[in-house]
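Working through the structure, step by step
Residues per chain, in single letters:
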Amino acid sequence: MRKYIFVTGGVVSSLGKGLTSAAIGSLLECRGLKIGLQKLDPYLNVDPGTMSPYQHGEVYVTEDGAETDLDLGHYERFTNAVLTRASNYTTGQIYHSVITKERRGDYLGCTVQVIPHITDALNEAITSAEDDVDVLITEIGGTVGDIESLPFLEAIRQFALDKGRSHVLFIHLTLIPYLRVSGEMKTKPTQHSVGRLREIGIQPDLILCRTEKEMGSELTDKISLFCNVEKPCVLQEKDVDYSIYELPLMLHQQGLDRILCEKLGLETRDPDISAWAELVERIKNPKRELEIGVVGKYIVLHDAYKSVYEALSHGGFANEAKIRLRKIDPEELTPDNVAARLDGVDGVLVPGGFGERGFEGKVTAVRYARENRVPFLGLCLGLHAAVTEFARNVCGIEDAGSSEFGDQWTPVIDLMEEQKKIRNLGGTMRLGAFPCKLAEGTRAREAYGVEDVQERHRHRWEVNNAYRNTLKEAGLTIAGVNPDLDLVEVVEITDHPVFVATQYHPEFKSKPTRPHPLFRAFIAAACAPRPEPQPKHNRATA
Ligand code: GLN
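Nothing here was measured: the structure is a model prediction, and the numbers come from that model. Throughout, residues of each chain are indexed from 1 in the direction in which the sequence is written. Local features in this predicted model are restricted to residues of pLDDT 70 or higher, and side-chain atom pairs are both shown and tallied only at a pLDDT of 80 or more, whereas totals for entire chains, interfaces and linings draw on every residue. By convention in this description, side-chain values take in all heavy atoms of the structure and omit both hydrogens and water.

1. With respect to the pattern of salt bridges
To keep it simple, the criterion reads: The salt bridge criterion pairs a side-chain nitrogen of Lys or Arg with a carboxyl oxygen of Asp or Glu, the two atoms within 4 Å. Three exposure classes are used, based on accessible area relative to the maximum for each residue type with a 1.4 Å probe and protein chains only: buried under 20%, partly exposed in between, and exposed over 50%.
In total, this model carries 37 salt bridges according to the counting rule given. One salt bridge connects Asp41 with Lys39, and the closest N-O pair in it is separated by 3.1 Å. Taking relative accessible area as the criterion, Asp41 reaches 3% and is therefore assigned buried. In this structure, Arg445 and Glu440 form a salt bridge, with 3.8 Å as the shortest nitrogen-oxygen distance. Judged by relative accessible area, Arg445 falls into the buried class, the value being 17%.

Here you go:
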């Protein structure tokens, strides 16, 4: 019989429910269980695809091309769960489906209401993600007490009633604030939050307390008593010292996975958490420290490039290096100040993005990296910047650019013919996994060690095939191509420590325990002593 774990959050938002859910998943996997992970988000947007990265952080893309909440990135980084469209639902999506049914007349004239119609649709959404797993972990977005989360809580209460209480577990993640004035840790907000849950009819089985300081047993006993949760089921999630990847070990040391299995009646093998233990040792004892310049438009919000930053640290783990980030606003980069702004960085990364703002600064950063032989990785729009720079300064097409930014440029980056046709009908984004064939003898092929890979996309514009030969003849290697659509996927300058740019987003597939090959190779090059600059390619400026 399949088991279900629901994770709710109390007191404040941003407690790390996503990370906690992911860590719980990883611990269950260490016991040999097959898990699924899912998030229900309380906002009305139908998906986060159209939400500003400044507000909502990165849009995470699944293999099947769903644009989802960034917490799904944590799920994939911590576990092997297969995430799909069914792994993220929003209130907007649920209402949209119910209203569409109503318009079609599916409800046969009955009054359509939050209970039971929305709650039923939520329960269907939950079961749609349970395919072939032993345990499905569903994170409920928002904070208990929010008006918006109420239908979710009502739905999971009904869900537990329907499945039987022995198959469902409720975990509540809460905050125990530390008051500096009195030097005390306070349980009252947690008591109130659990009170709200119990009013709706949900009694949490486990309480995980986010704390700044170690909690003594008097506190956990108090929470147990007031919140009606058994003493061993009040655990703490103290702020981590080094890295979020300490979380699985921290929870395991308190017996979390054992308790979960006992409560759910799951018999498993002994847990093997050696991979996490080794990883944490590695993270705690780096042999070197590197600085990577990230030249991206959304640098003000760390979450906007979440997967990129994580993948960089993973590349660091593989090379026993601690990564420091130098976040650089491309709008402030000019040919005059680029050397000063990027001085001393061990690598330059230009991530993805939409819109023209800052694009010229990115091109300037690419040129600096190319000419000074600084390891470079370009992702999606970063590839557009790399190809534009190469076309302008090496091929001599001075007005090379992307038609994304208007028709004043010679379009070395353009929409493909078929896209131009579909464009008028809306929806042209290339989303999700596509195949890529890597050419023999390239850096990319060497890094991956295989010829055929699948990587995830989220973009519209492509390298214009009409300029492929011009670029190639001037020395840009087309290292990867989509074999079905004949589109450029990877470009590189092979005669450079590492200068690779991808049309896809490799950052979505990197895990701490399995760093992405391109990030591993990029950081490995960043670790090596820098060769002397040899700006031999420049034609336009020579
Ligand atoms: N704006 C570019 C495009 O749509 C790149 C998108 C991205 O970097 N994700 O093609």
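Picking up where we left off.
2. Here's the deal with the packing of aromatic side chains
Put simply, the rule is: Only centres within 6.5 Å qualify two rings of Phe, Tyr or Trp (six-membered ring in Trp) as a pair; their planes then separate them into stacked at under 30 degrees, edge-to-face at over 60, and tilted for everything else. For helices the rule is a DSSP run of H or I covering at least 4 residues; for strands it is a run of E covering at least 2, with both sets numbered from the N terminus onward.
Across all of its chains, the model carries twelve aromatic pairs by this definition. Measuring from centroid to centroid gives 6.5 Å for Tyr245 and Trp276, while their planes differ by 25°, and the two rings are stacked. With Tyr245 in the loop between strand 11 (234–238) and helix 9 (247–253) and Trp276 in helix 11 (residues 274–284), the pair connects residues that are 31 residues apart, well separated along the chain. For Tyr245, a relative accessible area of 1% puts it in the buried group.

3. Observations regarding unusual backbone geometry
The residue after Ile115, namely Pro116, is reached through a cis peptide bond having omega 10°. Tracing the chain through its elements places Pro116 in helix 5 (residues 114–128). Positive phi is not limited to glycine here, since Arg373 has a value of about 55°. Within the element layout of this structure, Arg373 appears in the loop between helix 14 (359–371) and strand 15 (376–379). Take Arg373: its relative accessible area is 10%, and that puts it in the buried class.

4. Some remarks on the layout of surface pockets
Stated formally: Cavity: a set of points on a 1 Å grid over the protein atoms alone where a 1.4 Å probe fits but cannot get out. Pocket: an open set with protein on both sides within 12 Å along at least five of seven lines, its lining residues, like those of a cavity, having an atom within 4 Å of a point. Grid points are joined across faces, edges and corners, and a volume is the space filled by probe spheres set on the points. Residue classes follow a fixed rule: Ala, Val, Leu, Ile, Met, Phe, Trp, Tyr, Cys and Pro count as nonpolar, while Asp, Glu, Lys and Arg count as charged, and any other residue, Gly among them, counts as polar.
Estimates place the volume of the largest pocket at around 650 Å³. Contributing to the lining of the largest pocket are 28 residues, with Ser13, Ser14, Lys39, Asp69 and Asp71 lying nearest its centre. For the lining of the largest pocket, the elements supplying multiple residues, two or more each, are helix 1 (17–29), strand 2 (35–41), helix 2 (53–56) and helix 3 (71–78). If one sorts the elements of the lining of the largest pocket by residue count, helix 1 sits on top with three residues. In terms of residue class, the lining of the largest pocket is made up of six nonpolar, twelve polar and ten charged.

5. Observations regarding the site of the ligand
Which entries qualify depends on this criterion: Here a residue is near a molecule or strand as soon as one of its heavy atoms is found within 4 Å of it. The definition of a polar contact used here is a pair of N or O atoms within 3.5 Å, where within protein one atom must be able to donate a hydrogen and the other to accept one, and adjacent residues in sequence count solely through side-chain atom pairs. In short, Shrake-Rupley with a 1.4 Å probe defines the accessible areas, and a residue's cover is counted only from the protein chains shown. Occupancy of a cavity or pocket is assigned to a molecule whenever over half of its atoms lie within 2 Å of that pocket's grid points.
Taken together, Gly352, Gly353, Phe354, Cys380, Leu381, His384, Glu404, Arg458, His459, Arg460, Trp461 and His505 form the complete shell of residues around the ligand. In this structure, Glu404 approaches the ligand through a side-chain N or O atom, which is 2.9 Å from a nitrogen atom. A distance of 3.2 Å separates a nitrogen atom of the ligand from a polar side-chain atom of His505. Here the ligand has 300 Å² of accessible area as a free molecule, and 99% of this is covered by the chains. Because more than half of its atoms lie within 2 Å of the grid, the ligand is assigned to the second largest cavity. Those elements giving two or more residues to the shell around the ligand turn out to be helix 15 (381–393) and strand 19 (452–459).

6. Some words on the packing of helix 12 (residues 306–318) against helix 19 (residues 517–527)
For any two helices packed against each other, one specifies the inter-axial angle together with the distance between the axes. We apply this condition: Lines fitted to the C-alpha atoms define the axes, with helices restricted to the stretch that makes contact. Angles between their N-to-C directions range from 0 to 180 degrees. By definition, any crossing whose near helix is turned counterclockwise from its far helix by less than a right angle is left-handed, and any crossing with a clockwise turn is right-handed. Throughout, a contact is declared for two residues whenever any of their heavy atoms are within 4.5 Å.
Contact geometry of helix 12 with helix 19 gives a least axis separation of 8 Å together with a crossing angle of 65°. Crossing handedness for the pair helix 12 and helix 19: right-handed. Residue-level inspection shows Val308, Ala311, Leu312, Gly315, Gly316 and Ala318 of helix 12 in contact with helix 19, the latter providing Phe519, Arg520, Phe522 and Ile523. Here the contact of helix 12 with helix 19 is built from residues that sort into seven nonpolar, two polar and one charged.

7. Comments concerning helix 4 (residues 91–104)
Spelled out, the test is: Helices are assigned an expected span. That span is 1.5 Å times one less than the residue count.
Compared with the 20 Å implied by 1.5 Å per residue over 14 residues, the 20 Å span of helix 4 between its first and last C-alpha is a close match. In this structure, the buried residues of helix 4 make contact with strand 2, strand 5 (88–90), helix 5 and helix 6 (150–163). Where helix 4 ends, the next residue or the one after it, Gly105, has phi of about 85°, a positive value.

8. Here's the deal with the nonpolar core
Just so we agree on the cut-off: Among buried residues, the Ala, Val, Leu, Ile, Met, Phe, Trp, Tyr and Cys ones that are joined through side-chain atoms within 4.5 Å form a nonpolar core.
Formed by 58 residues in total, the largest nonpolar core has its most connected members in Ile5, Ile24, Leu28, Ile137, Ile171, Leu206 and Leu260. Ranked by residues supplied to this core, first place goes to helix 1 with six residues. Beyond its immediate sequence surroundings of up to four residues, Leu260 is in contact with Ile5, Ile24, Leu28, Leu169, Ile171 and Leu206. Membership of the second largest hydrophobic core comes to 43 residues, among which are Ala400, Leu415, Trp461 and Leu471.

9. Details of helix 7 (residues 188–200)
Between the first and last C-alpha of helix 7 there are 19 Å, a value that for 13 residues agrees with the 18 Å anticipated at 1.5 Å per step. Of the residues making up helix 7, those classed as buried are Thr190, Gln191, Ser193, Val194, Leu197 and Ile200. On the buried face of helix 7, the contacting elements are strand 1 (3–9), helix 6, strand 7 (168–175), strand 10 (206–211) and helix 8 (217–227). Trailing helix 7 by a residue or two, Gly201 shows a phi angle of about 105°, which is positive.

10. A closer look at the side chain of Thr187
Tracing the chain through its elements places Thr187 in the loop between strand 9 (184–185) and helix 7. Exposure remark for Thr187: the relative accessible area of 3% places this residue in the buried category. In this structure the side chain of Thr187 is engaged in a polar contact, spanning 2.9 Å, whose partner is the side chain of Gln191. When neighbours within four sequence positions are excluded, Thr187 is seen to be in contact with Ile176, Leu219, Lys222 and Ile223.

11. So, the pairing of strand 21 (residues 477–482)
Residues in a regular strand point their side chains to alternate faces of the sheet. This is how it is decided: When DSSP finds two or more bridges between two strands, those strands count as paired.
Of all six residues making up strand 21, five are buried, and the element is well covered by its neighbours. Where strand 18 (residues 430–438) lies against strand 21, two bridges are found, and the strand directions are antiparallel. Looking at the pairing, Lys437 lines up with Val481 of strand 21. Alignment of strand 21 against strand 22 (residues 487–492), held across five bridges, turns out to be antiparallel. When the bridges of strand 22 are listed, Ile478 appears paired with Val491. Counting the residues that bridge the hairpin from strand 21 to strand 22 gives four residues, and of these Asp486 lies at a positive phi of roughly 55°.

Honestly, it's all geometry; don't read function into it.
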